[in-house]
Amino acid sequence: MTKLIGYARVSTRQQYTDRQQADLMAAGVRRDDLYVDHGVSGARASRPQFDRALEALIDGDTLVITTLDRLGRSTQNMLAFADELRGRGAGLRVLNLGGSDVDTATPMGSMLFTIMAALAQMEHEIKRERVTDSINKRREAGKDLGGRPRRVTDSQIRSAVRLLEGGEPAAQVVRDLGMSRATFYRRSRALKD
């Protein structure tokens, strides 16, 4: 008897698979045949529940996912995976691919899967280029990139104390250091002790 094996995944623990699970069960996947990975990147080779889903697949079964990016990031890996499934006699069904679901068991579905996998990889690479370009432009413009605040050294605190003693306004000095007045005064007192 052939059955549908469902797989859902989210990359972080703060995300939820509720929508994916609902879509998979609406497509006919039984709760017993649903495998879910939480906090696992699609770029990782090992995904525990994904591996279990593959072990559960037998000849004639179909792996069902909601979107193409649940499989991985690279076109080459996705196509190799689809070939591996075909070789095992199993199918792959993507529910939300190009506005409808695609089943790789059909020639048209297989072709569409190949095209969409290539487009998904291209989209991922374009996003990565945009992020890198944005970071480089912000660096060149001298803008803050966020992240952990810079560490203020004891030497910088001593210099700031000298500026205050020379008549500079405290608000300006602590703003230039990038710290609150309370932190500045606590650090400067600790240096005197």
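Residues numbered from 1 in each chain as written. Predicted model: local features only at pLDDT ≥ 70, side-chain atom pairs only at ≥ 80, totals over all residues. Heavy atoms only, no water.

## Side note on the nonpolar core
1) Next: L63, L71, L85, L92 and F113 are the most contacted members of the largest nonpolar core, which totals 21 residues.
2) Next: Here L85 is in contact with L54, L57, L63, A90, G91 and L92, once residues within four sequence places are set aside.
3) Next: Judged by nonpolar contacts, the second largest core, of nine residues, contains I157, V173, V174 and L177. (Core = buried A, V, L, I, M, F, W, Y, C linked by side-chain atoms within 4.5 Å. Buried < 20%, exposed > 50% of the residue type's maximum accessible area, 1.4 Å probe, protein only. Contact = heavy atoms within 4.5 Å.)

## Quick word on the packing of aromatic side chains
1) Next: Counting across every chain of the model gives three aromatic pairs.
2) Next: Each ring, one from F50 and one from F81, has its centre 5.4 Å from the other, and the planes form 45°; the classification is tilted. Here F81 lies in helix 3 (residues 75–87) and F50 lies in helix 2 (residues 48–56), a separation of 31 residues in the sequence. Here F50 matches F81 in class, with each residue buried.
3) Next: Ring-pair connections join several aromatic residues into one group, and the members of that group are Y7, F50 and F81.
4) Next: The aromatic ring of F50 is capped on one face by R47, whose charged end is 4.3 Å from the ring centroid. (Phe/Tyr/Trp six-rings, centres within 6.5 Å; stacked < 30°, edge-to-face > 60°. Helix = DSSP H or I, 4+ residues; strand = E, 2+ residues; numbered from the N terminus. Lys NZ or Arg CZ within 6 Å of the ring centre and 35° of its normal.)

## Things to note about a nonpolar patch on the surface
1) Next: On the surface, M108, M111, I115, L119, M122 and I126 cluster together into a nonpolar patch covering about 560 Å² of accessible area.
2) Next: Within the secondary structure layout, I126 lies in helix 4 (residues 107–140).
3) Next: Taking relative accessible area as the criterion, I126 reaches 32% and is therefore assigned partly exposed. (Patch = residues over 30% accessible without salt bridge, like charges linked within 9 Å, V, L, I, M, F, W, Y side chains within 5 Å. Areas by Shrake-Rupley, 256 points an atom, 1.4 Å probe, with all protein chains shown as cover. Salt bridge = Lys/Arg side-chain N within 4 Å of Asp/Glu carboxyl O.)

## Examining the confidence of the model for the protein chain
1) Next: Scored by pLDDT, the protein chain has a mean of 84; 92% of the residues are at 70 or more.
2) Next: Considering each helix and strand of the protein chain separately, the mean pLDDT is smallest for strand 5 (residues 100–103), with a value of 69, and largest for helix 1 (residues 18–26), with 93. (pLDDT = per-residue confidence, 0-100.)

## Details of the pattern of salt bridges
1) Next: This model, assessed by the stated rule, comprises six salt bridges.
2) Next: Salt-bridge contacts for D32 lead to R30; the nearest nitrogen and oxygen are separated by 3.4 Å.
3) Next: Since its relative accessible area comes to 59%, D32 is described here as exposed.
4) Next: For R30, a relative accessible area of 47% corresponds to the partly exposed category.
5) Next: For R187, the salt bridge is made with D154, and the minimal N-O distance between the two is 3.2 Å.

## Some words on the pairing of strand 2 (residues 34–38)
1) Next: Burial runs high along strand 2: four of the five residues are buried.
2) Next: Relative to strand 2, strand 1 (residues 4–10) is paired through five bridges, and the arrangement is parallel. Across the sheet, the residue bridging to V10 is H38, located in strand 2.
3) Next: With helix 1 bridging strand 1 and its parallel neighbour strand 2, the resulting β-α-β unit is right-handed. (Pairing = 2+ DSSP bridges. Right-handed = clockwise from strand over helix to strand, strands pointing away.)

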